[in-house]
Amino acid sequence: MFTIKKQLSKLYTSSVLGNLSLTGAWVAILSARGYSLVEIGIAETVFHIISLIFEIPSGVLADVFGRKKMLIVSTVMRITGNIIMILSNNLFMVCMSIAFMALSYNFSSGSGDALAYDSLKLADMESKFEKYESNQLIIYRLCSGISTLCAGFALAIGHRIAYGTDIITGLIQIIILSSLREIQTVNPLKNTGGTIGKRLILCLKESFSFIMEIRKVMGLMLCNSFVGAVDILLLFFLQAKLPEKGIPEWYLGLALLFMEMGGIAGSKLILKLSKLSYKWIFAISSALVLTGFLAEHSPLYGVMALGGFIAAVGDDALQVRTNTILQSMFPSEQRATLTSVESFSFSVIMIVLSPLAGFVFTYW
């Protein structure tokens, strides 16, 4: 029997298993294995290229064939990537593993939110989606912080055992995902005649027609993606800048965890601001991220870490509110596709801003 509480609990559990990992600090693991920063950069580039290419197609597949199925495919992709990484002994195999990790991210990014929203819609509880989205971001931030703290342990036990634990959690995750209920929407695409390719193309065309018809959707996506990209780049570069400012090595992990906690604070805070208009939320969030950016230029590592915390507050508050508004606007039959379009816009902005941010954070 379907109950919304059990459905959401399984989605939360799956998120914990998918985000909590001993291999979160994969850059440090590859570095310890003897790979140069240039080689690690190549692997990072492979991740972004694969993500960019397959982000929207993965959403289309979820809408046509089912969100639950694509979540399981996502986990299978991650397990495959872990196996390849365990067996890897050269850069090519490392890049192949990273490519499967990127595909895992693609197949889960739109499917999870789409399944959650339509589950809540079935139970006439769409108003609870903002709380769900808040909880998911809290899980992501908390698991990311813990995974960062586990970097030293992962290096101590070796990359093979570390990635092996990910395989075990992946298998458990598949069992949980298999028990989810697929929410059947009134989707004419599933009854469309013709080849699978034609059904996929039709879904994609209708999704973009929706965006062109309602321009506000793309505006919300771009605003949210830009603020999020600035925050993520800030936190990324602070990993390198904090040691330069003299933070003790044993405090670095705690400082990074502290900054992740800012996202948790933002995710909880936004739930108490339900009556505040989106324009005000965007303005306040942008100001908080800008404050974090300015704090990065402080000579005091404590102020820099506080700036990272403040920026994360603004980023996740805006993320929760934006996703809630967008999901309420998306048609159910194209929900995963349109959610993937949002992720795609974020990737494009990241590609544009990353080299610029490297210059700004280094020389400004």
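Residues numbered from 1 in each chain as written. Predicted model: local features only at pLDDT ≥ 70, side-chain atom pairs only at ≥ 80, totals over all residues. Heavy atoms only, no water.

## Some words on the overall build of the protein chain
The test is simple: Strands are runs of DSSP state E lasting at least two residues, helices are runs of H or I lasting at least four, and both sets are numbered from the N terminus onward. Radius of gyration here is computed from C-alpha atoms only, and the compact-globule reference equals 2.2 Å multiplied by the residue count raised to the power 0.38. For every residue, the accessible area (1.4 Å probe, protein chains only) is compared with the maximum for its type, and the residue is labelled buried under 20%, exposed over 50%, or partly exposed between those bounds. By definition, residues are in contact when any of their heavy atoms lie within 4.5 Å.
For the protein chain, the helix and strand inventory stands at 15 helices and 0 strands. For the protein chain, whose C-alpha radius of gyration is 20 Å, the value lies close to the compact-globule estimate of 21 Å for 364 residues. In terms of principal-axis extent, the alpha carbons of the protein chain reach across some 60 × 50 × 35 Å. In the protein chain, buried positions account for 51% of the 364 residues. Counted over contacts in the protein chain with a minimum sequence separation of 6, partners at least 24 positions apart contribute 85%.

## Structural notes on a nonpolar patch on the surface
Selection rule: The patch calculation keeps residues exceeding 30% relative accessible area without a salt bridge and links them within 9 Å when they carry like charges or within 5 Å when they are nonpolar (Val, Leu, Ile, Met, Phe, Trp, Tyr). Exposure was quantified through the Shrake-Rupley algorithm and a 1.4 Å probe, taking into account, for residues, occlusion by the shown protein chains and nothing else. Salt bridges are defined by distance alone: a side-chain nitrogen of Lys or Arg within 4 Å of a carboxyl oxygen of Asp or Glu.
On the surface, a cluster of nonpolar side chains totalling about 550 Å² of accessible area is made up of Leu149, Trp250, Tyr251, Leu254 and Tyr301. Considering every element that reaches the nonpolar patch, the biggest residue donor is helix H12 (residues 249-269), with 3 residues. The residue Trp250 is located in helix H12 in this model. Judged by relative accessible area, Trp250 falls into the exposed class, the value being 63%.

## Comments concerning the packing of aromatic side chains
Quick note on the threshold: Under the pairing criterion, centres of Phe, Tyr and Trp rings, with the six-membered ring standing for Trp, must be within 6.5 Å; the plane angle then separates stacked pairs below 30 degrees from edge-to-face pairs above 60, leaving the rest tilted.
The tally for this structure, following the rule as stated, stands at 5 aromatic pairs. Aromatic side chains Phe129 and Tyr132 sit 5.7 Å apart centroid to centroid with 35 degrees between the ring planes, which places their arrangement in the tilted category. With Phe129 and Tyr132 both in helix H7 (residues 129-149) and 3 residues apart, the pair spans about one turn of that helix. You can call Phe129 buried: its relative accessible area is 0%. With a centroid separation of 4.7 Å and an interplanar angle of 15 degrees, the aromatic rings of Phe258 and Phe309 are classed as stacked. You can see Phe258 sitting in helix H12 and its partner Phe309 sitting in helix H14 (residues 301-329), a full 51 residues away along the chain. These aromatic residues form a ring-pair network of at least three members: Tyr12, Tyr117, Phe129 and Tyr132.

## Here we look at the pattern of salt bridges
Per the stated rule, a full pass over the model turns up 8 salt bridges. The partner of Arg141 in a salt bridge is Glu260, and the shortest N-O contact between them spans 3.1 Å. Of this pair, Arg141 sits in helix H7 while Glu260 sits in helix H12, placing them 119 residues apart in sequence. Using a relative accessible area of 4% as the deciding quantity, one classes Arg141 as buried. Owing to a relative accessible area of 17%, Glu260 belongs among the buried residues under this scheme. Several salt bridges share partner residues, and in doing so they unite Arg141, Asp231, Glu260, Asp315 and Asp316 into one network.

## Side note on the nonpolar core
What counts here: Nonpolar cores were defined as sets of buried Ala, Val, Leu, Ile, Met, Phe, Trp, Tyr and Cys residues, with membership established by side-chain atoms within 4.5 Å.
Among the nonpolar cores identified, the biggest contains 21 residues, and Phe210, Val217, Met221, Leu326 and Phe330 are the most heavily contacted of them. Breaking this core down by element, the ones donating at least two residues are helix H3 (37-65), helix H10 (196-213), helix H11 (215-244), helix H13 (278-295), H14 and helix H15 (335-363).

## Some words on the environment of Val348
Of note, Val348 is situated in helix H15. Relative accessible area serves as the criterion here: at 33%, Val348 is assigned to the partly exposed category. Taking C-alpha positions, Val348 is 9.9 Å from Ala229, a pair spaced 119 residues apart along the chain.

## Topic: a positive patch on the surface
Selection criterion: Counted as positive: Lys and Arg. Counted as negative: Asp and Glu, with His and the chain ends omitted from the count. Every charge is mapped onto a representative atom, which is NZ of Lys, CZ of Arg, CG of Asp or CD of Glu.
A cluster of basic residues, Lys128, Lys131, Lys268 and Lys272, forms a positive patch on the protein surface. Along the chain, the position of Lys128 falls in the loop between helix H6 (111-122) and H7. The exposure class assigned to Lys128 is partly exposed, which follows from its relative accessible area of 45%.

## As for helix H1 (residues 4-19)
Under the convention used in this document: For a helix, the expected span equals 1.5 Å multiplied by the number of residues minus one.
Spanning 16 residues, H1 covers 23 Å between terminal C-alpha atoms, matching the ideal 22 Å at 1.5 Å per step. Turning to H1, its buried residues are Ile4, Gln7, Leu8, Leu11, Ser14, Ser15 and Leu17. The secondary structure elements touched by the buried residues of H1 are helix H4 (67-87), H6, H7 and helix H9 (159-178).

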